[in-house]
Amino acid sequence: MADNPKKKGRDRELVSEQEHEVAYLMRTAKVTRQKALQAIREAGPNRDKVMQYLGKQ
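Taking an unreviewed UniProt entry as the reference, the chain is identified by name as DUF3606 domain-containing protein belonging to Sinorhizobium medicae.

Any chance you could explain the nonpolar core here in plain terms?
Buried together is how nonpolar side chains tend to be arranged in soluble globular proteins. Judged by nonpolar contacts, Val15, Val22, Leu25, Ala29, Val31, Ala36, Leu37, Ala39, Ile40, Val50, Met51 and Leu54 together constitute the single largest core of twelve residues. The greatest single-element share of this core, amounting to four residues, is contributed by helix H2 (residues 33–43).

Help me out: how do you make sense of the environment of Ala23 in this one?
The residue Ala23 is located in helix H1 (residues 19–29) in this model. Relative accessible area serves as the criterion here: at 26%, Ala23 is assigned to the partly exposed category. Each C-alpha atom, one on Ala23 and one on Arg33, is 7.4 Å from the other, the two residues being ten residues apart in sequence.

Sorry if this is basic, but what is going on with the packing of H1 against H2 here?
For any two helices packed against each other, one specifies the crossing angle of their axes together with the interaxial distance. Across the interface, H1 lies against H2 with an axial gap of 9 Å and an inter-helix angle of 110 degrees. Here H1 lies roughly perpendicular to H2, going by the angle between them. Contacts between H1 and H2 pair Glu19, Val22, Leu25 and Met26 from the former with Arg33, Ala36, Leu37 and Ile40 from the latter. Partitioning the contact of H1 with H2 into residue classes produces six nonpolar, no polar and two charged.

Can you help me understand the pattern of salt bridges in this one?
Any two side chains of opposite charge can pair, on the condition that their charged atoms come close. Applying the stated criterion to the full structure yields two salt bridges. Here Arg33 makes a salt bridge to Glu19, at a shortest N to O gap of 3.2 Å. Residue Arg33 is located in helix H2, and its partner Glu19 is located in helix H1; the two are separated by 14 residues in the primary sequence. The class of Arg33 is partly exposed, set by a relative accessible area of 37%. A residue is classified by how much of its surface remains accessible, and Glu19, at 46% relative accessible area, is partly exposed.

Rules used in this analysis
Residues numbered from 1 in each chain as written. Predicted model: local features only at pLDDT ≥ 70, side-chain atom pairs only at ≥ 80, totals over all residues. Heavy atoms only, no water. Core = buried A, V, L, I, M, F, W, Y, C linked by side-chain atoms within 4.5 Å. Buried < 20%, exposed > 50% of the residue type's maximum accessible area, 1.4 Å probe, protein only. Helix = DSSP H or I, 4+ residues; strand = E, 2+ residues; numbered from the N terminus. Axes fitted to C-alpha atoms, helices over the stretch in contact; angles between N-to-C directions. Parallel < 35°, antiparallel > 145°, perpendicular 65-115°, else oblique. Contact = heavy atoms within 4.5 Å. Nonpolar A, V, L, I, M, F, W, Y, C, P; charged D, E, K, R; others polar. Salt bridge = Lys/Arg side-chain N within 4 Å of Asp/Glu carboxyl O.

Here you go:
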């Protein structure tokens, strides 16, 4: 279920600065918390763009 009830479908393609999402990004991309947060802020909420920013795709 999406975080926003007005939004239809899933929001898997988005990443936010919520603690569980940052932790997942840290594990999958093998980066520090600071680097993960920086990537989200720089690349935006799109998960693919964040991974590209981190050079992991």
